[in-house]
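Chain and residue survey
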Amino acid sequence: MPFTKPGSHFFLLAALGLSFFACSTPDKKTENTPAVSATPVVTAGAKTEQAPAPSTQTAAPTDTEPATAATILARPQVPILCYHQIREWNSHDGKVGKDYIVKPHEFRAQMKMLADSGYHTILPDQLQDYLTKGTPLPSKPIMLTFDDTKLDQYTVAKPELDKYGFKGVFFIMTVSIGRPNYMTKEQIKELSDAGHVIGSHTYDHHNVKKYEGKDWITQIEKPTKQLEAITGKPIKYFAYPFGLWRPEAIPELKKRGFDAAYILATKRDPQDPLFTIRRIIASGYWSTKGLHNSIVNSF
């Protein structure tokens, strides 16, 4: 998908619109699995797929064998939110576009709600250790992710994260780096240096389902190397544009050094759940209460 002029309504719909149909609706679970409660290891209300709750011990990890896909799927899921733009709506924003635009005062209220409710942000390495080794997590863990490199993620979201000691994951689309209303290399590095995680989100948001031949290099390999040069750190995590993936993408990601990949609210792959980790879009239409209900009901 060619890159469209930043800030245009068309770009918002083209770059983000498809994921609207993949995200979960408020107050409904997306998988038919029971809720599981556990002590500090996982959040209350988290749900599992096809297996009982894990041990509630909070000591060192007890898993000694490599985790199977079934073991990973059995662990209660950690809530993961996906944000795009954090700004006021304007007259050019359509009905679908507004789903991806959280107003600044709503974002601030959401971060306060998470802090007041006792949530603790975690980062992908922690989630990876929990899923593969059973390593305990803080009480009420949650992951905050931000897609597409928008400048307001740095100017509006970062100060709120700092206020509560939260850390986030920023999935960067490299074509837009340094363009108007997008983050610069220096801002991306500052996020990384401050303890946030930088992940790969392709060159220009091209649908992974359509990749052929050199697309794997253009859309994944080169952008990832660019981000590694900016941050000085390995880039180990990937988010699929629109949340859309296909099984053929997983070996391509693995051979390029990725440890995991993130989708949206569809079901995880039974063979490679680490490369189909679920998130839900934080909708611009949701109240703070609606967001909380979606966190509880979607994971």
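Residues numbered from 1 in each chain as written. Predicted model: local features only at pLDDT ≥ 70, side-chain atom pairs only at ≥ 80, totals over all residues. Heavy atoms only, no water.

A word on the overall build of the protein chain. Check the secondary structure of the protein chain and you find 10 helices and 12 strands. By residue count, 53% of the 299 residues in the protein chain fall in the buried class. Look at the contacts in the protein chain between residues 6 or more apart in sequence, and 67% of them connect residues 24 or more apart. Carbon and sulfur atoms provide 55% of the accessible area of the protein chain, an area that totals close to 12,400 Å². (Helix = DSSP H or I, 4+ residues; strand = E, 2+ residues; numbered from the N terminus. Buried < 20%, exposed > 50% of the residue type's maximum accessible area, 1.4 Å probe, protein only. Contact = heavy atoms within 4.5 Å. Areas by Shrake-Rupley, 256 points an atom, 1.4 Å probe, with all protein chains shown as cover.)

This paragraph deals with the environment of Lys289. Mapping Lys289 onto the fold places it in helix H10 (residues 288-298). For Lys289, a relative accessible area of 63% puts it in the exposed group. Distance from Lys289 to Gln110, taken between C-alpha atoms, is 8.7 Å for residues 179 residues apart in sequence.

Attention shifts here to the confidence of the model for the protein chain. The predicted coordinates of low-pLDDT regions are not to be read in fine detail. Residue-level pLDDT values for the protein chain average 85, and 79% of them are 70 or greater. Within the model, pLDDT remains below 50 along residues 1-60, and this stretch shows 160 contacts once partners closer than five positions in the same chain are excluded. (pLDDT = per-residue confidence, 0-100.)

Okay, the pattern of salt bridges next. Where side chains of opposite charge bring their charged atoms close, a pairing between them can arise. Applying the stated criterion across every chain, the model contains 14 salt bridges. Among the ionic pairs, Asp272 bridges to Lys254, the shortest N-O distance being 2.8 Å. Taken as a pair, Asp272 in the loop between strand S11 (260-262) and strand S12 (280-281) and Lys254 in helix H9 (residues 249-254) lie far apart in primary sequence, 18 residues in all. Exposure remark for Asp272: the relative accessible area of 21% places this residue in the partly exposed category. Each of Glu221, Lys225, Glu252, Lys255 and Arg256 takes part in salt bridges that share partners, so that together they form one network. (Salt bridge = Lys/Arg side-chain N within 4 Å of Asp/Glu carboxyl O.)

This paragraph deals with unusual backbone geometry. Among all residues except glycine, the phi angle is most often negative; among peptide bonds, the trans geometry is most common. Phi is positive for Lys140, which is not a glycine, with a value near 50°. By secondary structure assignment, the location of Lys140 is in the loop between helix H5 (124-133) and strand S7 (141-147). Even without being a glycine, Asn181 presents a positive backbone phi close to 70°. With respect to the secondary-structure elements, Asn181 resides in the loop between strand S8 (168-172) and helix H7 (185-193).

Of the two faces of strand S9 (residues 197-200), both are covered, the one formed by Val197 and Gly199 as well as the one formed by Ile198 and Ser200. Two elements, S8 and S9, share four bridges in a ladder whose sense is parallel. Bridging from a neighbouring strand, Val169 pairs with Val197 of S9. Read as a crossover between parallel neighbours, the route from S8 over H7 to S9 is right-handed. (Pairing = 2+ DSSP bridges. Right-handed = clockwise from strand over helix to strand, strands pointing away.)

Along the chain, the position of Ser298 falls in helix H10. Ser298 sits in the buried class, given a relative accessible area of 0%. Of note is the side chain of Ser298, whose polar atom sits 2.8 Å from the backbone oxygen of Ser294. (Polar contact = N/O pair within 3.5 Å; in protein donor to acceptor, adjacent residues only side chain to side chain.)

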